[in-house]
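Tertiary structure, described
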Amino acid sequence: MKKYDVIIVGAGVIGSAAAYNLAKKNLDVLVLEKEEIGIGGSSRNGGGVRQSARKAEELPLAIYAVNNIWPNLEKELGVNIEYHQEGNLRLGKTEAHRQILADIVAQGQAQGLELELIKRDEIKKICPYISDEVQYASYCPTDGHANPMKTTLAYYKKALELGVKFITGEEVTSVLIKEGKIAGVKTKTDSYSSQKVILAAGYESKFIADSLGIEIPMRKLLVEVLVTEPRELMFDQMIGTAGSDFYGHQSEHGSFVFGGMTGNEPYQFDQKRRVTLKRTAPSISRAILNYFPLLKDLNVIRTWSGFLDQTPDHLPIISRVEEIDNFYLACGFSGHGFGIAPAVGELIADLAAEEDPALNLSSFKYDRFHPKS
Ligand SMILES: Cc1cc2nc3c(=O)[nH]c(=O)nc-3n(C[C@H](O)[C@H](O)[C@H](O)COP(=O)(O)OP(=O)(O)OC[C@H]3O[C@@H](n4cnc5c(N)ncnc54)[C@H](O)[C@@H]3O)c2cc1C
C-alpha cells in the first residue's frame, strides 16, 4: 500500500490550504473528502475576510493573513477569488451599540489594528446607502471579502497541480494506530497509510478524534445565508452590525450575499440534509432593511444553510496532539474560519512538517478545555 507523508481528512478551505502549503514543502499528501471539495462551510459562508471584532487570541491570525497572504493569493493560486479590500463597517444605532463598537475598536487598536469609531457623516461618505438612523460604526479599512467557493477551489486546483491526491466520496471513520504510532486512516471502504494525519473535517473531526480517545468539545449550529438578484455596484465594504443580526456584502456580479443570526439557531440539528428554515430568511431580511431600507424591492433568489463547528470559547483548535505523535487538529472555527484560512493552512502545514510556525498557537490547543491541576 502506498504510504503518504501526510493524510488530511476534509477538503474544505482549511484542508485544501493545508494540502497546498504541504505540497509547497515537497511532501506527498493525500486528502480524503467524505462528499465533494468545499461542500461544507467553505463554500457556504458569507465571504468575510475580517480582522475587526475577532477575539484577542484570534486577531493575530487574521492580521497575519491580511498582511501576508490575502492580497497576493489571487496571483499565487492563479484564480480570480474576488478578493476586495475596501473595509468593514460594523453599524450601530443606539448608545448600547456605540458601547459595543467602542470596545471592539479599543481592543483592535490595542493590538495594532487600523480600526476607528466613526459617526454618521463619515459613514455616509463611505457608504451613502446606509439608513440615516445609523449613528456609529467601527471602520477597518483593511478588512474585506472574497468568494469562498472560488477560494476553496483555487487552493484545491493549485494543490492538485503540485501533486496532491484528492479522493472524494471517501468517509474517514477512524485513525489507525500501529505499535503506538499513527499508521494511517480507515474509511468506510478502505484504509490509507501515513505516519501523519491532520483532521480538518469541521464538526465531524470530533468523531474521528474520538476513535483515539481524544475529546474535542464542539457543537454544531445551523446558520443561513441568502443571495439577492443583482444590482449595479452600490458598495464594496463588508457590512456587519453591533447586534450581529446580519452581515454581508455585494458580490462582483452585483448580487448581495447576506447572512445573519435570528438568535434562535438550532444546535445539533440532526437532519443530514442542510435544510433552510422558514423563519430565517424573513428574519435576516428584516434586519437588513433596518440598515438598508433602499434594498426593499430586491428579490431574494436563493437561500442556503451550513453548519458551524462551535467550540466552548469560540476559538479554533489548531494544534498538535500531545498524547499521539504526528496527529494534528485544525477544526472548531466557530463561524469565522474563512478569513483566517490562508494563515491556518500555512501554520498547520508548518506544524505537520515539524517546522516552527510563524505565530504562537498556544491559545488554540485542543486540551485547553480540560481541567488543569
Ligand atoms: C453560513 C456560514 C457563514 C459563514 N460566514 C463566514 C464569514 O463571513 N467569514 C469567515 O471567516 N467565516 C465564515 N464562516 C465560517 C467558515 O465557513 C468556516 O469556518 C470554514 O469554512 C471552515 O473550513 P473547514 O475547512 O474547517 O470546514 P468545512 O468547509 O466544513 O470542511 C470540512 C470538510 O470535511 C469533510 N468531512 C467531514 N467529515 C469527514 C469524514 N469523516 N471523512 C472525510 N471528510 C469529512 C466535509 O465534507 C467538509 O468538506 C461561515 C460559515 C457558515 C456555515
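Residues numbered from 1 in each chain as written. Predicted model: local features only at pLDDT ≥ 70, side-chain atom pairs only at ≥ 80, totals over all residues. Heavy atoms only, no water.

**As for the overall build of the chain**
A tally of helices and strands in the chain yields ten helices and 20 strands. Its C-alpha atoms give the chain a radius of gyration of 21 Å, near enough to 21 Å, the size a compact globule of 373 residues would have. C-alpha atoms of the chain, sized along the principal axes, occupy 65 × 40 × 40 Å. Once local pairs closer than 6 in sequence are excluded, the contacts in the chain between residues at least 24 apart make up 71%. (Helix = DSSP H or I, 4+ residues; strand = E, 2+ residues; numbered from the N terminus. Rg over C-alpha atoms; globule rule 2.2 N^0.38 Å. Contact = heavy atoms within 4.5 Å.)

**Description of the site of the ligand**
Neighbouring the ligand are 38 residues; Glu33, Ser42, Val172, Gly337 and Gly339 lie closest to it. Here glycine 46 contributes a backbone N or O atom positioned 3.0 Å from a nitrogen atom of the ligand. Isolated, the ligand exposes 1000 Å² of accessible area, and the fraction of that covered by the protein chains is 94%. Listed by contribution, the elements that provide at least two residues to the shell around the ligand are helix 1 (13–24), strand 3 (29–33), helix 2 (41–44), strand 14 (219–228) and strand 18 (300–310). Of the residues in the shell around the ligand, the class split is 16 nonpolar, 15 polar and seven charged. Both domains that meet at the shell around the ligand, namely domain 1 (3–46 + 149–217 + 313–364) and domain 2 (88–141 + 219–310), each give it at least three residues. (Near = heavy atom within 4 Å. Polar contact = N/O pair within 3.5 Å; in protein donor to acceptor, adjacent residues only side chain to side chain. Areas by Shrake-Rupley, 256 points an atom, 1.4 Å probe, with all protein chains shown as cover. Nonpolar A, V, L, I, M, F, W, Y, C, P; charged D, E, K, R; others polar. Domains from an automatic or database assignment.)

**A few points about the pairing of strand 15 (residues 238–241)**
Where burial is concerned, the two faces of strand 15 agree: the one with Met238 and Gly240 and the one with Ile239 and Thr241 are both buried. Where strand 5 (residues 88–92) lies against strand 15, four bridges are found, and the strand directions are parallel. Along strand 15, the bridge assignment pairs arginine 90 with glycine 240. (Buried < 20%, exposed > 50% of the residue type's maximum accessible area, 1.4 Å probe, protein only. Pairing = 2+ DSSP bridges.)

**Remarks on the domain arrangement of the chain**
In many reports, interface size means the accessible area that the parts give up when they come together. When the domains of the chain are assigned, the result is domain 1 (3–46 + 149–217 + 313–364) and domain 2 (88–141 + 219–310). Across the domain 1 to domain 2 interface the summed buried area is about 1200 Å²; carbon plus sulfur atoms make up 50%. Counting every contact that joins domain 1 to domain 2 gives six residue pairs in polar contact (both at pLDDT 80 or more). Considered class by class, the residues forming the side of domain 1 that touches domain 2 number five nonpolar, seven polar and two charged. (Buried area = accessible area lost by both parts, 1.4 Å probe.)

**Details of the pattern of salt bridges**
Side-chain pairing between opposite charges can occur once the charged atoms of the two side chains come close. This structure, assessed with the given rule, holds 18 salt bridges. A salt bridge links lysine 157 to glutamate 161; the nearest nitrogen and oxygen atoms lie 3.2 Å apart. Of this pair, lysine 157 and glutamate 161 both sit in helix 7 (residues 148–161), separated by four residues, roughly a single helical turn. Note that arginine 368 and aspartate 313 form a salt bridge whose closest N and O atoms lie 2.6 Å from each other. Of the two residues, arginine 368 sits in the segment after helix 10 (341–352) while aspartate 313 sits in the loop between strand 18 and strand 19 (317–320), which places them 55 residues apart along the sequence. Three or more residues joined by partner-sharing salt bridges are found here, namely Lys25, Asp350 and Glu355. (Salt bridge = Lys/Arg side-chain N within 4 Å of Asp/Glu carboxyl O.)

**With respect to helix 4 (residues 70–77)**
Here helix 4 has its buried residues at Trp70, Leu73 and Leu77. Around the axis of helix 4, the buried residues are gathered within 15 degrees of arc, so they sit on the same side. Buried positions along helix 4 lie against helix 1, strand 4 (48–49), helix 3 (59–68), helix 7 and helix 10. Of the residues trailing helix 4, glycine 78 is marked for its positive phi of about 75 degrees. (Arc of directions from axis to C-beta.)

**A short note on the packing of aromatic side chains**
Throughout the structure, instances matching the rule amount to eleven aromatic pairs. Ring geometry for tyrosine 203 versus phenylalanine 207: centroids 5.5 Å apart, planes at 80 degrees, classification edge-to-face. Using a relative accessible area of 46% as the deciding quantity, one classes phenylalanine 207 as partly exposed. Taken together, the ring pairs connect Phe235, Phe246, Phe256, Phe258, Tyr291 and Phe292 into an aromatic cluster. One cation-aromatic arrangement involves lysine 93 over tyrosine 291; the distance from NZ or CZ to the ring centre is 4.6 Å. The cationic tip of lysine 220 hangs over the ring face of phenylalanine 307; the distance from NZ or CZ to the ring centre is 4.2 Å. (Phe/Tyr/Trp six-rings, centres within 6.5 Å; stacked < 30°, edge-to-face > 60°. Lys NZ or Arg CZ within 6 Å of the ring centre and 35° of its normal.)

**Some thoughts on the sheet that holds strand 20 (residues 327–331)**
Taken in spatial order, the six strands of this open sheet run 9-3-2-13-20-19, and their pairing is mixed. Each of the sheet's edge strands pairs with one partner strand only, and the pair in question is strand 9 (165–168) and strand 19. Each adjacent strand pair in this sheet contributes to an overall mean axis angle of 15 degrees, direction not counted. Relative to strand 9, strand 3 runs parallel, the two being bridged by four bridges. Across the sheet, valine 31 pairs through a bridge with phenylalanine 166, a residue of strand 9. Along the sheet, helix 1 makes contact with strand 2 (6–9), strand 3, strand 9, strand 13 (197–199) and strand 20, crossing strand 2 at roughly 165 degrees. (Axes fitted to C-alpha atoms, helices over the stretch in contact; angles between N-to-C directions.)

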